[in-house]
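Observations on the model geometry
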Amino acid sequence: MSVNKSSIKSYPIPQKASLSVVIPVYNAEQWMKPTLDKLWTALSKTKWHSIEIIVVDDGSTDGTAKTVKAITLGAKIRLITQSNAGRFLARQAGLNAAKGDYVFFIDSRVFAQPESFNYLVQQMNKHPEAVIWNGHVEVERDGNPYARFWHAVTFMAWHKYMANPRLVHYGYDQFDYYPKGTTCFFAPRDLLLSAYAQFKTVYSDLRNANDDSALIRYMAKETDIYIAPGFAFTYHSRSSLKAFARHTAHRGVVFIDGFMHRGTRYYYWLIAYLIGLPLGLAVFFLWPLLLLALPLLLVLAWLLTLVRGVPRDDAAAFALILPVFALFYTAGLYKGLVIKWRDGLAGSSARP
């Protein structure tokens with residue numbers, strides 16, 4: 001995979017560049033201090049011309065804003081508050097307020113590992129074209145079966161990287177095969193602004209929109225995206241059934257917006273699933289004894305994840321939680337399809 005160097009403008013090296021960190025938050029009171037402390041620990045190991053941290057409180061109803069105001073770091077923390085509008089618009093508010101040459105998006109449940117930015121700076125000094133980075137995210141899985149489930153899902157979805165984490169870069173042609181997400185993402189501010197300017201969705205409510213794939217896909221057309229274990233972060237997943245179910249359903253809605261169009265890796269698989277599921281349910285309704293085969297299907301799912309190299313405990317969590325996931329994710333997919341159809345008929349869409 002080669003970088004399209006003809007499309008890359010000249011960006012400053014970190015020592016001569018300013019950095020803006022943007023953190024969208026909603027009811028994240030318990031996460032703010034550890035997230036910011038670990039972020040600053042990593043940033044303080046590097047030299048930048050200047051660093052600012054922008055926290056965008058997206059209509060929190062807890063003490064998030066008060067907690068942020070009480071935190072003191074070696075960099076200025078700017079707090080922006082807005083009515084609840086969703087993570088996409090919260091990030092955009094932070095991006096519009098940012099003054100840095102580079103912007104780093106990170107979410108409140110993500111902890112920077114101590115040497116992450118030291119590695120980033122070293123790589124950018126060696127490779128001036130490496131200006132877009134997706135964080136290598138490790139899921140904190142101890143004692144959390146839902147986290148183990150999500151790790152199994154991401155391991156299989158992005159097997160090319162997860163089975164052998166190393167420094168790689170990919171462009172538009174390999175976009176759907178490698179990890180990416182604005183949960184933990186570094187890029188030049190002007191590229192992010194351009195990505196937001198071209199963003200569109202058929203959903204009228206941006207809280208339902210896919211808030212990362214479309215943006216990053218646009219940037220992948222401009223230059224390659226880098227990822228490596230050295231630029232590492234730890235994600236803390238939701239740990240209750242209620243939170244998992246709500247989050248899973250939302251991801252189904254978002255998935256329709258991001259991948260229900262030609263040219264994506266999952267387009268035809270998605271159509272096949274949405275058509276095939278009602279047919280499958282009809283078969284079970286006509287021959288209910290087939291339900292006895294479901295445990296066998298879960299065992300098969302467990303074996304397939306093991307064959308793909310998923311760690312044993314994560315594979316077990318995947319098989320056990322798969323029915324719950326399938327229920328809520330499928331509900332989210334159909335909800336997203338209905339929203340897409342409804343908003344499309346109404347001629348309504350949203351732009352940031």
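Okay, so let's go over this structure. In this convention, every chain numbers its residues from 1, walking through the sequence in written order. Side-chain atom pairs in this predicted model are given and counted only at pLDDT of 80 or more, local residue features only at pLDDT of at least 70, and totals for whole chains, interfaces and linings cover all residues. As a rule here, side-chain values cover all heavy atoms of the structure and leave hydrogens and water aside.

Time to look at the side chain of Thr 64. Working definition: helices are DSSP H or I runs of at least four residues, strands are E runs of at least two. Numbering for both runs from the N terminus. Within the secondary structure, Thr 64 is located in helix α2 (residues 64–70). What qualifies as a polar contact is a pair of N or O atoms within 3.5 Å, subject to a donor-acceptor requirement within protein and to the restriction that residues adjacent in sequence count only when both atoms come from side chains. Of note is the side chain of Thr 64, whose polar atom sits 2.9 Å from the backbone nitrogen of Ala 28. At 2.6 Å, the side chain of Thr 64 and the side chain of Asp 62 are in polar contact. When sequence neighbours within four positions are dropped, the list of residues in contact with Thr 64 reads Val 25, Asn 27, Ala 28, Glu 29, Met 32 and Asp 57. Between two residues, a contact is recorded if the distance between any of their heavy atoms is within 4.5 Å.

What follows deals with the layout of surface pockets. When its volume is computed, the second largest pocket comes out at roughly 420 Å³. Lining residues are those with an atom within 4 Å of a point, where the points come from a 1 Å grid over the protein atoms alone and group into cavities, where a 1.4 Å probe fits but cannot get out, or pockets, open sets with protein on both sides within 12 Å along at least five of seven lines. Residue lining of the second largest pocket: 22 residues in total, with Lys 200, Ala 214, Arg 217, Asp 257 and His 261 positioned closest to the centre. Counting residues per element, the ones that place at least two in the lining of the second largest pocket are α8 (213–220) and α9 (241–259). At four residues, α8 tops the list of elements feeding residues into the lining of the second largest pocket. Following the grouping adopted for this structure description, the nonpolar residues are Ala, Val, Leu, Ile, Met, Phe, Trp, Tyr, Cys and Pro, the charged ones are Asp, Glu, Lys and Arg, and the polar ones are all others, Gly among them. Its residues assigned to classes, the lining of the second largest pocket comprises eight nonpolar, eight polar and six charged. Grid points are joined across faces, edges and corners, and a volume is the space filled by probe spheres set on the points.

Okay, the sheet that holds strand β7 (residues 136–139) next. Whether two strands pair comes down to DSSP finding at least two bridges between them. In spatial order, the strands read β5-β11-β7; together these three strands make up an open sheet with mixed pairing. Edge positions in the sheet fall to β5 (110–112) and β7, since each of these pairs with one other strand and no more. Each strand axis lies, on average, 30° off the axis of its neighbour in the sheet, ignoring direction. Fitted lines through C-alpha atoms give the axes, limited to the stretch in contact for helices. The angle between two N-to-C directions lies from 0 to 180 degrees.

A few words now on the nonpolar core. In this text, buried Ala, Val, Leu, Ile, Met, Phe, Trp, Tyr and Cys residues form a nonpolar core when linked through side-chain atoms within 4.5 Å. Each residue's exposure class comes from its accessible area (1.4 Å probe, protein chains only) as a fraction of the maximum for that residue type: buried when under 20%, exposed when over 50%, partly exposed otherwise. Judged by nonpolar contacts, the single largest core of 101 residues is most densely connected at Leu 19, Trp 48, Phe 104, Phe 117, Trp 133 and Phe 186. Among residues more than four places away in sequence, those in contact with Leu 19 are Leu 43, Trp 48, Ser 50, Ile 51, Glu 52, Gly 100, Tyr 102, Val 103, Phe 104, Phe 117 and Phe 186.

Axis angle and axis distance: for two packed helices, these are the angle between their axes and the distance between the axes, and together they describe the pair. Contact geometry of helix α7 (residues 189–198) with α8 gives a least axis separation of 9 Å together with a crossing angle of 120°. With respect to α8, the element α7 is oriented oblique. Handedness of the crossing formed by α7 with α8: right-handed. Contacts between α7 and α8 pair Leu 191, Leu 192, Ser 194, Ala 195, Tyr 196 and Gln 198 from the former with Ala 214, Leu 215, Tyr 218 and Met 219 from the latter. Put simply, angles under 35 degrees are roughly parallel, angles over 145 are roughly antiparallel, angles from 65 to 115 are roughly perpendicular, and the rest are oblique. We call a crossing left-handed when the near helix sits turned anticlockwise from the far one by less than a right angle, and right-handed when that turn is clockwise.

The next point concerns the packing of aromatic side chains. Here a pair means two rings of Phe, Tyr or Trp (six-membered ring of Trp) with centres within 6.5 Å. Their orientation is stacked below 30 degrees between planes, edge-to-face above 60, and tilted elsewhere. For the coordinates displayed, the defined rule picks out 30 aromatic pairs. Feature note: the residues Tyr 146, Phe 149, Trp 150, Phe 244, Phe 255, Phe 259, Tyr 266, Phe 318, Phe 325 and Tyr 329 constitute an aromatic cluster, connected by ring pairs. Two limits define a charge over a ring: the Lys NZ or Arg CZ must be within 6 Å of the ring centre, and within 35 degrees of the ring normal. Stacked on the ring of Tyr 177, the Lys or Arg Lys 160 has its end atom at 4.8 Å from the ring centre. Above the face of the Trp 150 ring, Arg 251 is positioned so that its terminal group lies 4.1 Å from the ring centre.

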